[in-house]
Structure formats: structure tokens, C-alpha cells
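Now for the letters of each chain:
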Amino acid sequence: MTTVRLLAGICAALVVLSLGHRLPWLFAIVLLTALLALGELWLRALTGEAMPAIVRIGLATACGLVSLPLVAIGLHVAGVEIRPRAIVAGLGILVTVLGVIVLLRERAAGSPVDPRLPHTLVAVAVPGLLTLVAGFVALQAYGRLPHPPQPGYTSLALNGWATDIARPVAIPARGVHVPVRVSSAGMPTATQPLRVRVGTRLVSGRPLTVEPDATRSVDVFVPAPPDGCLHRIEISLGATSTVFYGRGPVVRGRPAC
Amino acid sequence: MTLTRPVADDRTVASTPSSPEVPATASRRAAVLCAGSLVVAGGAGAALLVAANRAAEWDTGQQFAFFWAGMLIFTLPAVFWLVRRGSGARLRVAVLTAYAGFTYLPKLLRTPDGPLYHDEFAHWRQAREILLDGRLFEQNPIVKVVGDFPGLHSSVAAVSGLTGVSIWHGALFVLILAHLLVVLGVAALAQEIWHDARIAAVATIIYSLNSSFLFFDTQFGYESLAIALLVWTLVALHRAMRGPAGRARLGWSAVTVMLSAATIATHHLTALGLLGVMLILCAVATARALRRINPRAVTWTAWGLTAAAAVLVVAYLAVVAPRTAGYLDPYLARALDQIAGMAGTGGGSRTLFRESVAPWWERYAAFGAQGFAGIAMATAAWRLRRRREGDAVSRNGALAMLVLGSLYFPAALLILTPSGAEGARRTWAFSYLGIALVVAPVVVWLLDRGRRWSGGVLLTVCAVVMVGNTAAGMNPSYRFPGPPVFGSDTRSSIPEVSAASAWLRSTQGRDLRIVADRYSGLIFGSFGGQQPVTGSVSFPTYELYLAQPGRDISPRLIEQLSSWRFTYLVVDRRMAREVPEIQIYFETNEPVPHSDRPAFTLGQLTKFDRTPWTIKIYDSGNIAIYRFDFASLQPGKASLQPGKAGR
């Protein structure tokens, strides 16, 4: 293929890639083609000589592939964020530079045309495609076969405003509603005791049914601790629990902690 | 307008003694037969590999038999077509491509939809960070130097960003290409040295028998791409050394330098390995030049390009990645200490296949493979001494590969030490290149000169070496799925850990500094997008877990955690119930007792339920997340007694 056609092909591929991605796997083929062509451009710019088809294909692939980190590092050095459009622009600059070098070189000597290359490319592409298809079918088959169940769990977490508890909570005399998040996965329906302890004292307890593979928020009432001292407050559901610390309202006439 | 000129017959293609022109009809018939047989074998092999994974998942114990039946049912016919005298060049290229594709299948089936191996989490995170923040060289909390070598993850991020495929599929795109490049690259390098397509094909097959080929060098890890670059750098170097003086040599030198630069930007050890191989080539070239066997230009080109690569490597490690030496040094130092210990007291060694579930025949094959490698290398050395064939560059290459291949055996010493084993495995991917390239002509010579049954014997040896090396290189939990196992990098990730990390990310955000164990750290640091620390000598966060209930935590550690803004603590209570499969809770040199009993009591891990400076915000039975509240700590007092806050 002539260098001008090669350049036109790469530019067209880069334009397609910059349009945004709607068909990821089609775009992957476009990118692969662009990288191979870019690698070929590298070879024409640097060596400009004939070589065995397998060496040409391998080196073109390697050079095309390393163009991606090369452009990314170039963008980093230039202080540009690495975004898809910036990469396309970087690849465009690289293609321009290499294209100019190749065209200048070829004005004098022409470009080597290897009649074996297309056949060797087919010899790589066809088995490559076949093994990709085999891999895809094997993955699909494996994915569709039944797999052993993963171990299940029930989780309890502070929720809503309570997720931000970072220090002892000052609890007013009327108490406070603490939202907790109950989540279950891979477990059967179960009813477990939802308990609140302030210090070592059990202040409330009720059964809570936990549905399988569901997440819900539950408000739990926590009464005010008896004094302004630091108290451990535990909300538990079966074997799981959350723990935070709180102080009750200061009552006149009682000694401070 | 661009001028075109027909290609001259390439010197390599022109001199292929054992590839006579095959008549077109016979060639076509052979191609059809080959395609048909390999499509059938590939289909059957893929089905058996799926069956192996199923057997492993359901723990039937038949996974090893299914796996190797699947591998060999494709590999052996492929080898037959590759070494067959009548196979043409294109047929060999096609079979090599199919071979590369098929040998990626075991890893693809093992990790079809996301990272699983330890380093894969680090690279996956790094690629995602690039897509999110658009920055390179960010520090990675899972493998601290990964960020300094952006070759792989920047490629993956670019593929993912440009095409819209997921990060994992972008990684597969790059890794499958890299795997194909390794296979074709070894063939191209062998052809540079031996000028024989058949020897080149055999060399590729021998290289593919190395212990890293099927699983380690196919993972989403920087060496998987770097090995391919190393091989192609050597191809370019050989062409530069051979090339006619002037522009052509300059051009190939530029390709060599560019690929060397790409290698160093991708992986530290491979860059050092490349430099080592280039130095061996230079040493051989110099020795031959001193005896006036080598043309001067060959030696000077080798030295010039090696010097350029050395400057690149040293400059990169000094300026861009100065942490690398500190990262690699402890492994080497500990390995040497352990070798010294083994020599002196017999201590510090590790037992091969200890508690492995690999079948007996895999273990015997692992030892047998080393024996075959030794015999093959001795024969290759004898043959190289007897037959001085090829031009100066070929002879240089062959002798350098003999030296490189010989380094395979000292690495066996390192495999006997806990700290050296990882490094030894990594060196095999380089040293096996030497073995492959010098043993290949011996194999072809045996096939041509040996008796009729020699082909069958060689295929059997090939099967034994493939089984043995793979068994020696990767433990079964990396190769097969199976029930969750605590303390396995690949099997300890249960949905519960992923759910905890997803909850933390959704409620508290990403990039939080958290304290975790090794296995939780992998998930929280990758999918969770957090900054986990698992402890080190200078920042011993494992002391938090080790402290007995009611005992003070070191004020210095609390001060470090507080001043470095660590906000969360993740506790995996399985540490009190199970012994980690790989005998690591946090990191390799942790001061944690290792025996057949768990190193922690439940009290040690649940003590945080009763310390006012840890608020328990999440609990799912095995996993608990605490938020640090260092302000609750009184000055000079690191912990409160259990129950005191509740009084």
C-alpha cells in the first residue's frame, strides 16, 4: 500500500475514533487497524527497507501498540489530561510527523512493496479470528453453565445522616432515630432480633425479617443515655452490629464525668 | 505521488535450507488438512478446558486431567504441523497464530470478566484512575511502583477510552496482542539466528513450555507486555547488527532504541533483563572480536545500542522511578540471606509443592522438566561447539543465547527460598528464551537424523515439560476456579468483601486512606478506589490487629495514622478462623506467627467494637469497617479499657 493511502486510512480511522463510541467492538477493530497502519508507518520512517513478512507484521504491531503509551507520556509531559480526544490528537500529530519523514524519504527511493505481505497477513488474521470465535464460544458456554452458589451474607450499616458519625453524638433527652441499612445477598429469608444497647443495658429489641437479595433502610430509636458521660451505643441485627458513642443531656445537680 | 519498488528477496527468507518450495497443490491440500484438524482439535480442546473449570468449581478433582487433555489435544497436532518438513512458511505462521490464540484460552477462562491475580488489581486500578482523572504516574497503593511504569495501563486506558470497551476488555485486547507478539517474536528471533523457518517454529514451541507462558505472562501485569517488547527489541538489535552500514543500520538502531524505551516505560525487571541480554550479546561479540572472528561493525553496533539502552534504563530509574530500587532491593537481599541460611544451617528454605493439591504426576513432571532442560542444554552446548554455522551475527546470537539459557539453572536455587521464588519465576521467562533458541536446532536435528519413533518421543517430552513447568510456575488456585479460600489472592474475594467496598465507596467516596489486610486491600484498593495500606516496617499498621484486647496501641502508630489522615479500618474476621493459604496476612515480612493455627484470636479482631476511637459503621459478619476518631483519644493514652465507655 502506498504511503499516501496508508496516511489517509489512519486519518479516517482517527476521525472515526474521535466521534465517540457507540459500537465498542467495531471501534476496537478500527483501532487495531489504525495501530497496525501506524506501526507500518513507523517502520517506513525508521528503516525503509524490506524484511520478512512475519517480522514486518510483528514489528508493525509492536510499534503501533507502543504508540499509545508514547502519546500518553507525551501528553503528560505537555501537561495535557489524558482523554480520548487528546489521545486522538496526539496520534494525529505522530502520524503527521512520521508521514512527512516517510514521504521525504520516498521521494528519493520509493517504498518497498512486498507481494508476500497480504498473504501472510491473511495467514495471521484468519486463525486469529477463528481462535477469537472459539474463545468467545467457550466463554459463553462456560458462563451459561450452572455455577456453585457464592457464600451469602447479611450486612448492617449506619445509613443516612448516621454514615457521617465521626465523633460522639450528643443525644437530646427525647432520644434520636438512627437510620441503619440492612442488606442481604444469597441468604434465605430470616427473622433476626434487632437490638439496641446503651452501655451494657439492653434498651430495646424487636424481630426484623430480612428478605433475600434486598436492601432496606430501617429507623432505630435510640433513647438518650442517662448522663453526659461517654456511652457505647450498639445497634445489632443477629450477629452483625454497628457501634458508635454518645452522650446524654447534662442534668443539673449531677456530677460531670 | 509515492513511488513504489518491488521488495528485494530478504536475506533471511533467501536462506531457508529446510524450507524447500512445496508444490502448490500439495501445499493447498496440507493447508486444508491442517486447518480442518486444528479447528476440530481447538474445539475439542476448548470444550475440555471448560470442563476442567467446571470440575474445579464443583471440586470433583478431575480438573487436572481435563485441563491437560484439553491443552494437549490441540498442542500436539499444532506441533506436528509446525515441525513437519513439508509445511510452508505461511502455514507455519497461521499455526503459530492459532497456537498463540489457543494458549491464551486457559487464562481467558480463568478470568473472563475482571481482575483476579494480585498485580491485576493494581493495573486495573491504575487504568481506571487514568480514565477518571486523566493523569499518569499516580502512586498505586497495591503495588507501589506500578504507577511509575505506565506502558501497559496507559495502553489499556487508551484502548478503553477510544473504543468504549470496558477496562477489562481493553486489557484483553492489549494482552492477546502481546501474547501473539511473543509467539511471533520468538519465531522471528530464531529465524534471525538460524535462518530456518522450521527451527524457528520449534524454538517458539520450546519457549511456550516455560512456566510463565500460560498464566503468569498472560495476566494483566506489566511483564506480559514488556516480554513481547523485549523479544522484538532483540529482533531489531540483530537486524541492526547485521544490517548493511549506513542508513539501514541507523534505521534498525532507531527501532531498537524506541522499543528499548518502550520496554523500560513498561516494566522494571524486563528492562533490566533486556539490558542483561544485551550485555551478554556484547560480551560474546567482544570476545569474538578479540579473536578477530567478528567484524568490528557488529561489535560496535551491539555496544552502541546496549549503551543507549543502559542510559535509558538508568535515567528512567533515577529520574522517573527512583522508588524502584527500594522496592526490588528487599526481595533480593532476603533471598540472598535465605540462601546463606540454607547453606549454613539449612534454615530459611521452602518446600516445593508444600500442601499443594496438584496431582503426583504434575509434581514428578515438574522435576522431570528440569532434568530434560539440563540434558537439552548440555546437548545444545556440545552441538554449538561442534558445528560452527551461520554468519557472525548468527553465531553471536547463538552463543549469547547459550549463556542466557544457562542462567536458568542458578535460578533454581532461588526457587527454594520464600523471598527468591517470585523473582526466580520471573527470570525463567527470560532464560527460557535462551534455552528455546539453542535447543531448537538440536530437536530438528534429532527429527531429521533420529529413528522413526523419535518424533513420538519428542512429543512426549514436550508434553511432560509443558505439564511440569506449568505446575512449577503456578499453584492450582491461580489456574482453576474453586470454592472460596481465605488467604488466596485469587479465591478470597467473596461477594461480601466486594459489597463492603462498594458500600464504602458509595457512602464515603473514593481515595480514602484505609488500613486493611492484604486480601481486603486488593478489593478496596481496586474496585473500591480507596488507598489501602497493609503495613510495613516503618508503618506497622498490623500492630493494630496484633494488639491484645485491653492493651495499648503504640502512640507512635496512632500518631502516624492520625497525622497521615487515615480514616478507616477494615477487619476481616476470617483471620481468626482460618490460616491464609499463601501464609501471608498483610505483607511478606510481617511479624505475625505462621503455623497451622490462625495467628489471631477473635478477641483481637473484635476489640475495636469497644474502643471509643473506632466507630463501627459497617458489619457483614466477616467484614467490619470502622471509622477512626483519634480526637477521642486522650493525650498520651492510645486506648481505653474495654467496657469503660459503657459504664
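Rules used throughout
Residues numbered from 1 in each chain as written. Chains lettered and ligands numbered in written order. Predicted model: local features only at pLDDT ≥ 70, side-chain atom pairs only at ≥ 80, totals over all residues. Helix = DSSP H or I, 4+ residues; strand = E, 2+ residues; numbered from the N terminus. Rg over C-alpha atoms; globule rule 2.2 N^0.38 Å. Buried ≥ 20, exposed ≤ 12 C-beta atoms within 10 Å, placed from the backbone. Contact = placed C-beta atoms within 7 Å. Pairing = 2+ DSSP bridges. Nonpolar A, V, L, I, M, F, W, Y, C, P; charged D, E, K, R; others polar. Domains from an automatic or database assignment. Expected span 1.5 Å × (residues − 1). Bend = angle between axes of the 7 residues up to and from the residue. Axes fitted to C-alpha atoms, helices over the stretch in contact; angles between N-to-C directions. pLDDT = per-residue confidence, 0-100. Parallel < 35°, antiparallel > 145°, perpendicular 65-115°, else oblique. Left-handed = near helix turned anticlockwise from the far one by under 90°.

**Comments concerning the overall build of chain A**
1) Next: Along chain A, the regular secondary structure elements total five helices and nine strands.
2) Next: Going residue by residue from the N terminus, the α and β elements of chain A occur as α-α-α-α-β-α-β-β-β-β-β-β-β-β.
3) Next: Over its C-alpha atoms chain A spans a radius of gyration of 33 Å, topping by over 25% the 18 Å that the globule rule assigns to 257 residues.
4) Next: Principal-axis analysis of the C-alpha atoms places the extent of chain A at approximately 100 × 50 × 25 Å.
5) Next: The burial tally for chain A puts 41% of its 257 residues in the buried class.
6) Next: Considering only contacts in chain A between residues 6 or more positions apart, those separated by 24 or more positions represent 64%.

**Re the overall build of chain B**
1) Next: Secondary structure summary: chain B contains 24 helices and six strands in total.
2) Next: For chain B, the residues scored as buried account for 54% of the 647 residues in total.
3) Next: When contacts within chain B are restricted to residue pairs at least 6 apart in sequence, long-range pairs at least 24 apart make up 71% of them.

**Focus on the pairing of strand E5 (residues 190–198) of chain A**
All names here are of chain A.
1) Next: As paired elements, E5 and strand E6 (residues 201–210) share nine bridges and run antiparallel to each other. Bridge pairing in E6 links Val 198 to Arg 201.
2) Next: Strand direction decides the pairing type here: E5 and strand E8 (residues 231–237), joined by five bridges, are antiparallel. Residue Leu 194 lies in a different strand from E8, and its bridge partner there is Leu 237.

**So, the interface of chain A and chain B**
1) Next: With 86 residues of chain A at the interface, the matching set in chain B holds 92 residues.
2) Next: Among the elements that take part in the side of chain A that touches chain B, helix H5 (residues 117–144) of chain A stands out by supplying 16 residues, more than any other.
3) Next: Classifying every residue of the side of chain A that touches chain B by side-chain character gives 52 nonpolar, 27 polar and seven charged.
4) Next: With two bridges connecting them, strand E2 (residues 153–158) of chain A and strand E5 (residues 614–619) of chain B associate as antiparallel partners. Looking at E5 of chain B, one finds that Leu 156 of chain A is bridged to Asp 619 of chain B.

**Focus on the domain arrangement of chain A**
1) Next: You can read the domains of chain A as domain 1 (3–114) and domain 2 (153–247).
2) Next: In this structure, domain 1 of chain A and domain 2 of chain A have C-alpha centres spaced 59 Å apart.

**Considering the domain arrangement of chain B**
All names here are of chain B.
1) Next: The domains assigned to chain B are domain 1 (111–334 + 349–404 + 434–476) and domain 2 (495–646).
2) Next: Measuring from the centre of the C-alpha atoms in domain 1 to the corresponding centre in domain 2 gives 40 Å.
3) Next: In this complex, domain 1 contributes seven residues to the contact, which on the side of domain 2 involves seven residues.
4) Next: Its residues assigned to classes, the side of domain 1 that touches domain 2 comprises five nonpolar, one polar and one charged.

**What about helix H4 (residues 89–110) of chain B?**
Residue and element names in this part refer to chain B.
1) Next: Taking 1.5 Å as the rise per residue, H4 with 22 residues should run 32 Å; its terminal C-alpha atoms sit 33 Å apart, in good agreement.
2) Next: In H4, a bend of some 30° at Tyr 104 exceeds every other bend along the element, and Pro 106, a proline, comes one to four places later.
3) Next: Among the 22 residues in H4, 21 count as buried, and that is most of the element.

**Focus on the environment of Ala 60 of chain A**
All names here are of chain A.
1) Next: Within the element layout of this structure, Ala 60 appears in helix H3 (residues 53–77).
2) Next: In sequence terms Ala 60 and Gly 39 are 21 residues apart; their C-alpha atoms lie 3.9 Å from each other.
3) Next: In this structure Ala 60 touches Leu 36, Gly 39, Glu 40 and Leu 43, once residues within four positions along its chain are discounted.

**Considerations on the pairing of strand E4 (residues 176–185) of chain A**
Residues and elements named next belong to chain A.
1) Next: Note that E2 and E4 share six bridges and pair antiparallel. Counted as the bridge partner of Leu 156 is Val 182 from E4.
2) Next: Inspection of the sheet shows E4 paired to strand E7 (residues 214–222) by nine bridges, in the antiparallel sense. By the bridge assignment, Ser 183 is partnered in E7 with Thr 215.

**Observations regarding the environment of Ala 45 of chain A**
Residue and element names in this part refer to chain A.
1) Next: Relative to the assigned elements, Ala 45 resides in helix H2 (residues 24–46).
2) Next: On the neighbour-count criterion, Ala 45 (22 C-beta atoms within 10 Å) is buried.
3) Next: For Ala 45 and Leu 202, which are 157 residues apart along the polypeptide, the C-alpha to C-alpha distance reads 80 Å.
4) Next: Excluding anything up to four places from it in sequence, Ala 45 contacts Leu 98, Ile 101 and Val 102.

**Quick notes on unusual backbone geometry**
All names here are of chain B.
1) Next: For Asp 59, which is not a glycine, the phi torsion comes out positive at approximately 55°.
2) Next: With respect to the helices, strands and loops of the structure, Asp 59 is situated in the loop between helix H2 (24–57) and helix H3 (63–83).
3) Next: Looking at Asp 59, the number of C-beta atoms within 10 Å reads 12, which means it is exposed.
4) Next: Not every positive phi belongs to a glycine, and Gln 583 is a case in point at roughly 60°.
5) Next: Mapping Gln 583 onto the fold places it in the loop between strand E4 (568–572) and helix H24 (602–606).
6) Next: Given 17 C-beta atoms within 10 Å, Gln 583 falls into the partly exposed group.

**Quick look at the packing of helix H10 (residues 247–264) of chain B against helix H11 (residues 268–290) of chain B**
Residue and element names in this part refer to chain B.
1) Next: One way to put it is that H10 packs onto H11 with a least axis distance of 7 Å and a crossing angle of 145°. Across the interface between the two elements, Ser 260, Thr 263 and Ile 264 of H10 pack against Thr 270, Ala 271 and Leu 274 of H11.
2) Next: Across the contact of H10 with H11, the residue classes tally to three nonpolar, three polar and no charged.

**Notes on helix H12 (residues 296–320) of chain B**
Residues separated by three or four positions in an α-helix point in the same direction, a consequence of the helix having 3.6 residues per turn.
1) Next: If you check H12 of chain B, its first and last C-alpha atoms are 35 Å apart, about what 25 residues at 1.5 Å a residue would give, namely 36 Å.
2) Next: Within the sequence span of H12 of chain B, burial applies to Val 298, Thr 299, Thr 301, Ala 302, Leu 305, Thr 306 and Ala 309 of chain B.

**As for the confidence of the model for chain B**
1) Next: With 88% of its residues at a pLDDT of 70 or more, chain B shows a mean pLDDT of 88.
2) Next: Overall fold confidence for the complex sits at a pTM of 0.90, while the interface term, ipTM, reaches 0.90.

**Focus on the packing of H2 of chain A against helix H4 (residues 84–109) of chain A**
Residue and element names in this part refer to chain A.
1) Next: As a packed pair, H2 and H4 sit with axes 9 Å apart at the nearest point and diverge in direction by 40°. One element, H2, and the other, H4, form an angle in the oblique class. As H2 packs across H4, the resulting crossing turns out to be left-handed. Counting all contacts with H2, which are made through Leu 38, Leu 41, Trp 42, Arg 44 and Ala 45, the residues of H4 involved are Val 95, Leu 98, Gly 99, Ile 101 and Val 102.
2) Next: A per-class count over the contact of H2 with H4 returns eight nonpolar, one polar and one charged.

**Considering the confidence of the model for chain A**
1) Next: Averaged over chain A, the pLDDT score is 92; the fraction of residues at 70 or greater is 96%.
2) Next: Across chain A, the element-wise mean pLDDT spans from 68 in strand E1 (residues 111–113) of chain A up to 97 in E2 of chain A.

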